[in-house]
Structures are given as structure tokens and as C-alpha cells.
Number of protein chains: 2
Amino acid sequence: MEHVQHTKQPLLMLLDNFKQFFPLDTNEQNEVKRLFTQRIVKRKGFLLQEGEVCRNYYFVVSGCFKMFAIDTNFREHNLQFAAEGDWIADFQSFYNEEPSSLYIEAVEPAIVLQIQHKDLLYLYINYHKFDRNFRIIMEQKLMEYQKRILLNISTNADERYSAFQRQYPHLINRLPNNQIASYLGITSEFLSKIRKKASDIKEGFKGET
Amino acid sequence: MEHVQHTKQPLLMLLDNFKQFFPLDTNEQNEVKRLFTQRIVKRKGFLLQEGEVCRNYYFVVSGCFKMFAIDTNFREHNLQFAAEGDWIADFQSFYNEEPSSLYIEAVEPAIVLQIQHKDLLYLYINYHKFDRNFRIIMEQKLMEYQKRILLNISTNADERYSAFQRQYPHLINRLPNNQIASYLGITSEFLSKIRKKASDIKEGFKGET
């Protein structure tokens, strides 16, 4: 539980997250304190499993999650990672209240703050600020997804790995090879080759100076 | 111009679009009429080209657009289609006011209603309803993108084509083979084979009855 003690007070972290957009007033802050609940998740613990309805929207306080699908050959396909300060949910399942085809699993011990769909709707209906802040959160996620789709359809594996390094510098050394490979849509073996090539090039540059 | 005459009054179509979410009052409707401007686009005309900043958010009144990137081998990669009732923009470029790496081109003669970034911000700041409606528009786009990423990374070309048929029944016979192939991340030849196989199966079923 050492992990937990080192973490900044979770609710403060969430309020700071909103501060980036439009800071909440005292009343709105109290509603956040009332409606978000804390959950501690062990490594390999699930926030969501295939067939369940995704009942909550999660704000990651610490640790890291992967959201993935399992195909008919039992292979995992990583859709998204979420670490400190990120929001994660299966939107399709959350908004339509339909069974999910995805899993959300902790790849490290983690703490999240979660809000139920009905409580989020309550915030939207009663406080304009949440409509606005979540509009911006959605826009940012949309930009991330647009980038992801474009990389998937128009670049090779080396370029996708470079983009991953730029986008997730804080995750690159925290995630095992097979998780990143699954996100990039390649095999672990192929990713190892790419990483070796990238490190050889870096060493080459060092040798030249 | 026959195309234009047959179209429902564009602004009414836009107001109807908002009606699905939270209908606008008279004041809000007048702001929409004031701030959205109509644009007629010829087939193969561009709303956006690589290197330009995406200055507008577009609501498609009629016709159809593709948003795509061109790679270093001059190959097109389709990110998204948008037909009647859809919204389209390069979000990355629109929100950050940075040069786009994408093109938005009309694949049919089209009419759009466009709003500039600063005018959309004006609506957000002055009328709560737009924050709310665009939050929902963003959520829907996000679900579509999440689905798209999942299909890209976890299914084969046949499954992606079936999903495309289900998601875009109104587009399947309007788009040339090479456009759909580019969206699915496969060659036109491979798509022709898939379409032939699908049609043979359908014929087979008919023969049995």
C-alpha cells in the first residue's frame, strides 16, 4: 500500500484536473466530493469485463490501465492506455448502457475516482460547468483518437512506435513489450526489433559525438 | 444546381439536427442563423488542404465528403466520411489552430453550413445549450472513432467491410471502390474480391429459397 501513501490527495487531483479547463466553485466542488467515489484496484484487477455494462466514468489518480478487446483467437488488442490524470470508459457501453465488448484492466496497482452515468447526468443538468468541462475532455480524447486512427491507417510500425514514444513518454518504460505491441498492432518480436534498431541508432549518434 | 433545389432548407436541417439533443430557443436559433454561413462545394472541391489551418467546423447539408491523409508514397488514407447530417473537421487543427496534415474533399457536389472557431467559442460562452449540444455531438463522434479503432486493430478485412455496410448503409453505393478500400486500409482489388464473395453468398442464399 506504499503506492497509496505517496499519492496526492485523490479528490484534489481531480479538482486540479478541472482547473485546467474551467475551475469549479465551492458548490460544484462539493458535488464532485459527493458523487465521485474512490476505488483501489490491484494489479490485474478489472474495472470492466466483456459482457458487462460500463457503469462508471473513471478518472485515474495513480497507476495505469489498458482497455482492450479479445478476438476469437484469444488475442488481446489494446485500444487505449490511461495513467495518472487520464479519463477512461467504454463510451459506447457507458452512454448507451449496453454490454461492452471490452476489458479495462490495471497493469499497475491503481487508484481511480469513479462517477456513475446517472450522477454525471445530474451534474450536467444542474451545473453548466460540467457540460463545458466534459465537452473539452471529449474534444481532447477525440483529437487523441483521430491521431491514433491516422497513424493506424497511414504509417508503418516504426513510425507508430516513434509516435507512441512522443505521445506517452511517461508510459514507455512502464509497460511490458507485449502491451505496447498489442497497441501498435504488431507482434512482440517485431516490436523488440524496432526497439533494438532505435537504440542502435541512438548509440550510433552517441559514438559520433 | 438541381441538387441544391431539391435540398431541404439548410438552416432548418441544422436546427433539426440540434433538436435531436436539446432544441434551441428563438434567441439561440437567431444566433445560429447569424453565425453559420452556407457554402456550396463542387465535386472534388476542398474544404481543407494539408498545411492549412482548419478554420471551420462543418455541418453537411447534402453531398458527401472524405477526410484523408496522403503518405510519402502519394497514397490516400481515408480517415472519415461525412454525408447529410454529419459534422466534420480536423479537430487537432481546428482546436489548436495549427496546420493540418489532412484534406477534406467533396466526393459529390455538396452544401455545408460552416462556423468559425471564434464564433463557436462565442456560442459556448454565451449560451449553455451549445456547450451541451456539442458535448453530445463530441460523445457520438468519440463512440464512432472508438469503434473504428477497435475494428482496425482486431478484425480482418471481411469483418471491417461488414461493419462498414452496417454503419454506412447510405454510403455503400455512393462511394467508389477505391475510397472504401482506403477507409478499410486494404487495396481496391482486395475489396472487389470481398464484395464478390459477399454477393456470391447472398446469391447462394437466394438460390436455396
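As a reminder, the structure under discussion sits directly above these lines.
Quick look at the structure, then. (Residues numbered from 1 in each chain as written. Chains lettered and ligands numbered in written order. Predicted model: local features only at pLDDT ≥ 70, side-chain atom pairs only at ≥ 80, totals over all residues.)

Quick look at the interface of chain B and chain A
Rules: The contact criterion used is a C-beta to C-beta distance within 7 Å, with each C-beta placed from the backbone. Labels follow the DSSP assignment, with helices taken as runs of H or I lasting at least four residues and strands as runs of E lasting at least two, numbered in each case from the N terminus. Any residue that is not Ala, Val, Leu, Ile, Met, Phe, Trp, Tyr, Cys, Pro, Asp, Glu, Lys or Arg is counted as polar, Gly included; the first ten are nonpolar and the last four charged.
In this complex, chain B contributes 28 residues to the contact, which on the side of chain A involves 28 residues. For the side of chain B that touches chain A, the secondary-structure elements that each account for two or more residues are β5 (76-83), α4 (91-96) and α6 (128-154) of chain B. The element best represented in the side of chain B that touches chain A is α6 of chain B, accounting for 19 residues. For the side of chain B that touches chain A, the residue count by class is 13 nonpolar, seven polar and eight charged.

Quick word on the relation of the copies chain B and chain A
The condition that has to hold: When the copies are superposed, the least-squares fit takes in the C-alpha atoms of residues with a pLDDT of at least 70 in both.
Mapping chain B onto chain A leaves a residual RMSD of 0.0 Å; the transformation is a rotation of 180° accompanied by 0.0 Å of translation along its axis. Overall, the copies show the geometry of a two-fold rotation axis. Residues of chain B ranked by C-alpha distance from the rotation axis are headed by R135 of chain B, positioned 2.1 Å from it. Of all interface residues in chain B, 100% are interface residues in chain A too; the two copies therefore contact each other through one and the same surface.

With respect to unusual backbone geometry
All names here are of chain B. In plain terms, the rule: Counting other C-beta atoms within 10 Å of a residue's own tells you its class, since 20 or more makes it buried, 12 or fewer makes it exposed, and anything in between is partly exposed; those C-beta atoms are placed from the backbone.
A positive phi angle, close to 70°, is found at K44, a residue other than glycine. The phi torsion at E97 lies on the positive side, around 50°, for a residue other than glycine. By the secondary structure assignment, E97 is in the loop between α4 and β7 (103-106). For E97, a count of 11 C-beta atoms within 10 Å puts it in the exposed group.

A few points about the packing of helix α7 (residues 157-167) of chain A against helix α8 (residues 177-184) of chain A
Residue and element names in this part refer to chain A. Let me state the cut-off plainly: Axis lines are fitted to C-alpha atoms, over the contacting stretch for helices. Their N-to-C directions set the angle, which ranges from 0 to 180 degrees. Angles below 35 degrees are treated as roughly parallel, those above 145 as roughly antiparallel, those between 65 and 115 as roughly perpendicular, and all remaining angles as oblique. Left-handed is the label given to a crossing in which the near helix is rotated counterclockwise from the far helix by less than a right angle, and right-handed is the label when the rotation is clockwise.
Interaxial distance between α7 and α8 falls to 10 Å at its minimum, and their mutual angle equals 115°. Relative to α8, the element α7 lies roughly perpendicular. For α7 against α8, the interelement crossing comes out right-handed. Taking contact as the criterion, the partners of A157, R160, Y161 and F164 in α7 are, on α8, I180, Y183 and L184. When the residues that make up the contact of α7 with α8 are grouped by side-chain class, the tally is six nonpolar, no polar and one charged.

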